[in-house]
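# Summary of structural features
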Amino acid sequence: MSTGVYRVPPPMNEPVRGYTRGSPERASLERELARQSGEVAEIPCLIGGRRVFTGRTHDLVMPHNHSHLLARVHLAGPAEIAAAIQAAEDARAEWAALPLEQRTAVFLKAAELLAGPWRDRVNAATMLGQSKTVHQAEIDSACELIDFWRFNAMFAFQIAADQPPVSPTGVWNRVDHRPLDGFVFAVTPFNFTSIAGNLPTAPAFLGNTCVWKPATTSAHACWVLAQLLEAAGLPPGVVNLVNGAGAEVGDQVVADPRLAGVHFTGSTPVFQHLWRTIGQGIAGYRQYPRLVGETGGKDFILAHPSADATAVSVAILRGAFEYQGQKCSAASRMYLPRSLWPAIREQLVAGVEGMKQGDVADFTNFLGAVIDQRAFKKHQGYLEHGNRGAECVAGGTADGSRGWFVRPTVFRVDDPRDRLMQEEIFGPIATVWVYDDARWDDALREVDQTSPYALTGAVFATDRRAVDQATERLRFAAGNFYVNDKPTGAVVGQQPFGGSRASGTNDKAGSILNLLRWSSARTIKETFVPPTSWRYPFHEEP
Ligand code: NAD
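## Regarding the overall build of the protein
For the protein, the count of helices and strands is 16 helices and 23 strands. The C-alpha radius of gyration of the protein comes to 25 Å, within 12% of the 24 Å expected for a compact globule of 542 residues. A principal-axis box enclosing the C-alpha atoms of the protein has dimensions of 95 × 60 × 50 Å. Counting across all 542 residues of the protein, residues that qualify as buried make up 56%. Summed over all atoms, the accessible surface of the protein reaches about 22,400 Å², with 54% contributed by carbon and sulfur.

Below is the structure:
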């Protein structure tokens, strides 16, 4: 048994690699892209450390080339789901009993494996399976996940060090930061491999075990991550990977009385469904399940007449169209002053026309395809709505013949409450409302009241009074608020991420606030010399 109050290595953000032409990192990644493109992977469930091939499979294709079969995903049925829950329960006591430094070392090693020998595998799987360009894959599946693991290590130790400030003479007050008294259900979205890796592991830092259900469309990268965690020494049963349709897996898992928490990222309706189901069955659980959910967004860019038109235009082009607008933080409703509109409009049109789109293995492309046919059809519906009732400033088309390609699109609406300004589209479709310069106050009100979401938003202004007004008036309109910067690209350890209203429980991924949700503290009071009489001093002795 070793003794020491250990300190974790101070975390640093992983530098983003450039993958410029002729660089060794680009050559190495291209080899891995070719390797993964040349095979059809068989993706099992991972239950208690066992690879489970169920034979009931789902074909995974490349979104930008949907005739290319990338993998066959083996789907869990009721027996596998039950086995995954049991495996998480069976692993719980031993994992929780492992000293914090031993658990933490697993994830610090995982971070170094991802920073080094596994980087290409994870990046290539994310590019091919989720249609991310190299930069989008690098900042997500490499850098952000490395950062989650390095910073969560520090936060876990900070939580352990958080002890009652007072122990009067003769008493020692302590807090035991226990894990939750059951398993955690981690449900992850298709669009960020980093989130997929963080959601099951953040609770595990604190000693919890998980059932992890990734989005099937991201199964390729998630399976690589599961193998990486094995290679880092994560014991069997701590994270159990089950593939399957959301409702099939979800309904069975949340019906289990041992459910202790849900760590969810995805759409608002699915999280509300989970919350409702758990609420209806609340009397049946062994404890009150902790519900942590980061959900949809309808993120804004508001420009003041004093803003710099080029800064606004670049923020829209990057913020709305990177990763085809499939970021919860993607800019999708813009409030622009009439005086700046002609200059911004010109730059948006030129920008959209210059954006190449296609196979993500071609590094000249700025955009790939949207994730699947369902998303493509949904976006087609929004394009039809916009082309019918709004001005199409740029783009406005889609072509699904080879891949699910939706052109980056800018619509301009007259009605600031148009559907396009309210609903989460989750595609490369941005909508602009142009306001009279004198109506800045109205613009602030529209930003705050138009959409049910409150995830990210940005204000552009050089006038400090305008920055101050927007900061105050939009205090509850975004959990991540940007001044003269695009509303995407939060960095772990720098901008803790999450929103409120319909955007989630705002438990700030990448911060100590999130990790705290996975600890159920036990207070211990120890009295060194217990009293010998039940009488208090004011009682007279007989
Ligand atoms: P989604 O809601 O369709 O799916 C998310 C996950 O939930 C998937 O694993 C899915 O299979 C699962 N699921 C679906 N129905 C379920 C059910 N009944 N029970 C249990 N699980 C179920 O979302 P998506 O399309 O994968 O991701 C896009 C959404 O995620 C967008 O709304 C986006 O804004 C949101 N998102 C939010 C954040 C954030 O931090 N706020 C980050 C990324 C994505």
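## Remarks on the nonpolar core
Core analysis: the largest hydrophobic core is formed by 62 residues, its most contacted members being F107, W149, W212, L228, L234 and L515. If one sorts the elements of this core by residue count, helix α5 (residues 134–161) sits on top with 10 residues. Not counting the four nearest positions on each side in its chain, W149 is found in contact with F107, L108, A110, A111, L114, G197, T201, F205, L228 and L229. One finds W404, F411, V459 and A478 within the second-largest nonpolar core, a separate group that totals 38 residues.

## Section: empty space enclosed by the protein
Applying the stated criterion across every chain, the model contains 1 cavity of 30 Å³ or more. Volume-wise, the largest cavity comes out at about 80 Å³. Lining the largest cavity are 15 residues, with G325, A330, S332, I425 and F426 sitting closest to its centre.

## Description of the site of the ligand
Taken together, 28 residues lie near the ligand, and T188, K213, S267, T295 and E424 sit nearest. Considered on its own, the ligand offers 850 Å² of accessible surface; in the complex 88% of this is hidden by protein. Counted by class, the shell around the ligand contains 14 nonpolar, 11 polar and 3 charged residues. Split by domain, the shell around the ligand shows at least three residues from each of two domains, domain 1 (24–295 + 504–524) and domain 2 (299–483).

## Focus on the packing of helix α3 (residues 100–115) against helix α7 (residues 219–231)
A pair of packed helices is characterised by two quantities: the angle between their axes and the separation of those axes. Interhelical geometry of α3 versus α7 gives an angle of 125 degrees and a closest axis separation of 9 Å. In this view, α3 runs oblique relative to α7, as classed from their interaxial angle. Relative to α7, the crossing made by α3 is right-handed. Together, F107, K109, A110, L113 and L114 of α3 and L228, L229 and A231 of α7 make up the contact between the two elements. Of the residues contributing to the contact of α3 with α7, the split by class is 7 nonpolar, no polar and 1 charged.

## A look at the layout of surface pockets
The calculated volume of the second largest pocket comes to roughly 1,000 Å³. As for the second largest pocket, its lining consists of 39 residues, of which L100, R103, A160, D176 and H177 are closest to the centre. Elements that contribute at least two residues to the lining of the second largest pocket include exactly α2 (78–97), α3, α5, β6 (171–178) and β23 (520–527). Broken down by element, the residue count for the lining of the second largest pocket peaks at 6 residues, all from α5. Residue composition of the lining of the second largest pocket, by class: 21 nonpolar, 8 polar and 10 charged.

## Focus: the pairing of strand β5 (residues 65–74)
Taken residue by residue, a regular strand's side chains alternate between the two faces of the sheet. Pairing of strand β1 (residues 41–43) with β5, which is carried by 3 bridges, proceeds in the parallel orientation. Counterpart to E42 in the pairing with β5 is R72. Taken together, the 6 bridges between strand β4 (residues 57–62) and β5 define a ladder with antiparallel strand orientation. Paired with T57 across the strands is H74, a residue of β5. In sequence, β4 turns back onto β5 through a hairpin of 2 residues.

## As for the sheet that holds strand β14 (residues 391–394)
The strand order β14-β17-β18-β13-β12-β20-β21 describes an open sheet built from 7 strands, whose pairing is mixed. Because the sheet does not close on itself, it has two edges, and the strands there are β14 and β21 (480–483). For this sheet the average axis-to-axis angle between neighbouring strands, irrespective of direction, equals 20 degrees. Alignment of strand β12 (residues 299–303) against strand β20 (residues 456–460), held across 4 bridges, turns out to be parallel. Bridge assignment links A303 to a residue of β20, and that residue is F460. Where helix α10 (residues 309–321) meets the sheet, its contacts fall on β12, β13 (331–337), β17 (409–413), β18 (429–435) and β20, and the angle it forms with β13 comes to roughly 165 degrees.

## Points about the domain arrangement of the protein
Examined at the domain level, the protein breaks down into domain 1 (24–295 + 504–524) and domain 2 (299–483). Carbon and sulfur atoms supply 62% of the area that domain 1 and domain 2 bury against each other, a total of about 2,200 Å² over both sides. The largest per-residue losses of area from domain 1 upon contact with domain 2 belong to H64, H66 and F190, which jointly make up 25% of the total buried on that side. One can count 10 residue pairs in polar contact (both at pLDDT 80 or more) joining domain 1 with domain 2. Sorting the residues of the side of domain 1 that touches domain 2 by element identifies α1 (24–37), β5, α4 (119–130) and α5 as the ones contributing at least two each. With 4 residues, the single largest contributor to the side of domain 1 that touches domain 2 is α1.

## Re the sheet that holds β5
Taking strand neighbours across the sheet as the criterion, the 3 strands line up as β1-β5-β4 in an open arrangement whose pairing is mixed. Unpaired on one side and paired on the other, β1 and β4 mark the two borders of the sheet. Adjacent strand axes in the sheet meet at a mean angle of 40 degrees, parallel and antiparallel pairs treated alike. Against the sheet, α7 engages β1, β4 and β5, with an angle of about 75 degrees to β1.

Rules behind the numbers
- Residues numbered from 1 in each chain as written.
- Predicted model: local features only at pLDDT ≥ 70, side-chain atom pairs only at ≥ 80, totals over all residues.
- Heavy atoms only, no water.
- Helix = DSSP H or I, 4+ residues; strand = E, 2+ residues; numbered from the N terminus.
- Rg over C-alpha atoms; globule rule 2.2 N^0.38 Å.
- Buried < 20%, exposed > 50% of the residue type's maximum accessible area, 1.4 Å probe, protein only.
- Areas by Shrake-Rupley, 256 points an atom, 1.4 Å probe, with all protein chains shown as cover.
- Core = buried A, V, L, I, M, F, W, Y, C linked by side-chain atoms within 4.5 Å.
- Contact = heavy atoms within 4.5 Å.
- 1 Å grid on protein atoms, 1.4 Å probe; cavity = no way out; pocket = protein on both sides within 12 Å on 5 of 7 lines; lining within 4 Å.
- Points joined across faces, edges and corners; volume = space filled by probe spheres on them.
- Near = heavy atom within 4 Å.
- Nonpolar A, V, L, I, M, F, W, Y, C, P; charged D, E, K, R; others polar.
- Domains from an automatic or database assignment.
- Axes fitted to C-alpha atoms, helices over the stretch in contact; angles between N-to-C directions.
- Parallel < 35°, antiparallel > 145°, perpendicular 65-115°, else oblique.
- Left-handed = near helix turned anticlockwise from the far one by under 90°.
- Pairing = 2+ DSSP bridges.
- Buried area = accessible area lost by both parts, 1.4 Å probe.
- Polar contact = N/O pair within 3.5 Å; in protein donor to acceptor, adjacent residues only side chain to side chain.

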